[in-house]
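One letter stands for each residue in the lines below.
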Amino acid sequence: MNLPELEKKLLKAARSQPPADSVPYAFEQRVMARLRAEPRMDALAFWGRMLWRAAVPCLAMVVVMFVLSHLGGQPSDNLADDFEQTLFAGISQAIESW
Amino acid sequence: MERTDAELIREVLRGNPDSFAPLVQKYSPRIFATARRYARRESEVEDIVQEVWLRAYQRLDSWRGDAPFEHWLMRLAVRVCYDFLRGHQRNKEATFTELSQEEKDWLEKFAVDPEKADDHAAAARQLIQKVLEQLSPEARLIITLLEIEEKSVKEIARLTGWSAALVKVRAFRARAQMRKILARMTKEKYL
């Protein structure tokens, strides 16, 4: 069987009768009733909701970090020195290897 | 005086949902015609159109006004139809024995003389519907837009959000998929 020709003929058949554009009775009223039941999404409310959702994993992260920092290493006497050392670790390493 | 789409949308955004009703009334026929290309049952068609309007209402502020509202809406409608196809993917393979008598007769007529098989016959339309239902969602969308609605690659890219190159690649694959389905359908009897 000539498949390319069959394909062409069937596509022509599909083109020959476009689907109806009729709208069911009272469809517009139904849509409007549904839209009124679901108010338009407010951008600020959306952000507010997302921030509240994000707060939970952030809080969990803080708790985990707190627990790890207290279980894992010994607390340092001088936090400022440690912080500076960590911050400039990359630069010190580069100077040393140069 | 009839208000323009932009005026109606501005009113909706200001908090007057009733101004959305004329838009629903004006564009629903076009969305129904689009949805009927992808869903057979009328209840599914209604669900698709309702979902289009719901999404349009929720995202109305993303319409910038630089292009007609109808273009924006149709892009949304095509995306909802695509989501519907992905959610209702059927992997049923139809063979020649599963075709109706009218469809078999039409194919036999075509096998004897392709010219004599009528393009406008209901059997041919049912047959192509069965073929389309077996395509993947991407392939069905591309074949419908490119071959049945005869839209250009550029238009399809705009409607789907795919690049023109991706549309071309998917069109090539869709045609191959369609030919494979036709070959399988007719294999038992004619090959």
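Criteria and cut-off values
- Residues numbered from 1 in each chain as written.
- Chains lettered and ligands numbered in written order.
- Predicted model: local features only at pLDDT ≥ 70, side-chain atom pairs only at ≥ 80, totals over all residues.
- Helix = DSSP H or I, 4+ residues; strand = E, 2+ residues; numbered from the N terminus.
- Buried ≥ 20, exposed ≤ 12 C-beta atoms within 10 Å, placed from the backbone.
- Contact = placed C-beta atoms within 7 Å.
- Nonpolar A, V, L, I, M, F, W, Y, C, P; charged D, E, K, R; others polar.
- Core = buried A, V, L, I, M, F, W, Y, C linked by C-beta atoms within 7 Å.
- Domains from an automatic or database assignment.
- pLDDT = per-residue confidence, 0-100.
- Expected span 1.5 Å × (residues − 1).
- Axes fitted to C-alpha atoms, helices over the stretch in contact; angles between N-to-C directions.
- Parallel < 35°, antiparallel > 145°, perpendicular 65-115°, else oblique.
- Left-handed = near helix turned anticlockwise from the far one by under 90°.

Draft legend 1. Representation of the overall build of chain B within the structure. Across its full length, chain B carries nine helices and zero strands. Every one of the 191 residues in chain B was classed for burial, and the buried ones make up 32%. Partitioning the contacts of chain B with sequence separation of at least 6, the portion at a separation of at least 24 is 60%.

Draft legend 2. Focus on the overall build of chain A. Broken down by element type, chain A carries five helices and zero strands. Element order for chain A, N to C, with α for helix and β for strand: α-α-α-α-α.

Draft legend 3. Here's a closer look at the interface of chain B and chain A. Every contact between the two is made by 39 residues of chain B and, on the other side, 32 residues of chain A. For the side of chain B that touches chain A, the secondary-structure elements that each account for two or more residues are helix 2 (21-35), helix 3 (42-58), helix 5 (101-112), helix 6 (122-134), helix 7 (137-148) and helix 9 (164-190) of chain B. Tallied by class, residues from the side of chain B that touches chain A come to 25 nonpolar, six polar and eight charged.

Draft legend 4. Up close: the nonpolar core. Residues A:Leu10, B:Val52 and B:Ile128 are the most contacted members of the largest nonpolar core, which totals 57 residues. The greatest single-element share of this core, amounting to eight residues, is contributed by helix 4 (residues 69-87) of chain B. For this core, the domains that each give at least three residues are domain 1 (5-87) and domain 2 (96-190) of chain B.

Draft legend 5. Representation of unusual backbone geometry. Of note in this structure, A:Ala26 is not a glycine but carries a positive phi near 60°. One can find A:Ala26 in the loop between helix 1 (3-16) and helix 2 (27-37). We classify A:Ala26 as exposed; it has 9 C-beta atoms within 10 Å. Residues other than glycine seldom take positive phi values, yet B:Glu150 does so here, at roughly 55°.

Draft legend 6. Spotlight on the confidence of the model for chain B. Taken residue by residue, chain B gives an average pLDDT of 89. The fraction at 70 or more is 93%. The complex prediction reports pTM at 0.75, with the ipTM value standing at 0.82.

Draft legend 7. Inspection of the environment of B:Leu73 at higher detail. Residues and elements named next belong to chain B. Relative to the helices and strands, leucine 73 is located in helix 4. Counting along the chain gives 110 residues from leucine 73 to alanine 183, while the straight-line C-alpha distance between them is 37 Å. Residue contacts for leucine 73: discarding those within four places in its chain leaves Tyr27 and Ala56.

Draft legend 8. Molecular detail of the domain arrangement of chain B. All names here are of chain B. Segmenting chain B into domains produces domain 1 (5-87) and domain 2 (96-190). Facing the seven residues of domain 1 at the interface are six residues of domain 2. For the side of domain 1 that touches domain 2, the class distribution of residues is four nonpolar, no polar and three charged.

Draft legend 9. Examining helix 1 of chain A more closely. Compared with an ideal rise of 1.5 Å per residue, which puts 14 residues at 20 Å, helix 1 of chain A spans 20 Å between its outermost C-alpha atoms and is within 8% of the ideal. The complete set of buried residues in helix 1 of chain A reads A:Leu6, A:Lys9, A:Leu10, A:Leu11, A:Ala13 and A:Ala14.

Draft legend 10. Spotlight on the packing of helix 2 of chain A against helix 3 of chain B. Across the interface, helix 2 of chain A lies against helix 3 of chain B with an axial gap of 10 Å and an inter-helix angle of 45°. Regarding the angle of helix 2 of chain A to helix 3 of chain B, the classification is oblique. Here helix 2 of chain A runs over helix 3 of chain B; the crossing is right-handed. Where helix 2 of chain A abuts helix 3 of chain B, its residues A:Val31, A:Arg34 and A:Leu35 lie against B:Gln50, B:Trp53, B:Leu54 and B:Tyr57. Grouping the constituent residues of the contact of helix 2 of chain A with helix 3 of chain B by class yields five nonpolar, one polar and one charged.

Draft legend 11. Seen up close, the confidence of the model for chain A. On average, residues of chain A score 83 in pLDDT, and 88% of them are at 70 or above. Per-element confidence in chain A ranges from a low mean pLDDT of 80 for helix 5 (residues 89-97) of chain A to a high of 90 for helix 2 of chain A.

Draft legend 12. Broad picture of the environment of B:Gln89. Residues and elements named next belong to chain B. The topology assignment puts glutamine 89 in the loop between helix 4 and helix 5. You can call glutamine 89 exposed: it has 11 C-beta atoms within 10 Å. Residues glutamine 89 and glutamine 134 lie 45 residues apart in sequence; the distance between their C-alpha atoms is 8.5 Å.

Draft legend 13. Representation of the packing of helix 2 of chain B against helix 4 of chain B within the structure. All names here are of chain B. Running from N to C, helix 2 and helix 4 point in directions that differ by 30°, and their axes come no closer than 10 Å. Between helix 2 and helix 4, the angle is such that the two are roughly parallel. Taken as a pair, helix 2 and helix 4 cross one another with a handedness that is right-handed. Residue-level inspection shows Tyr27, Ile31, Thr34 and Ala35 of helix 2 in contact with helix 4, the latter providing Glu70, Leu73, Ala77 and Cys81. Grouping the constituent residues of the contact of helix 2 with helix 4 by class yields six nonpolar, one polar and one charged.

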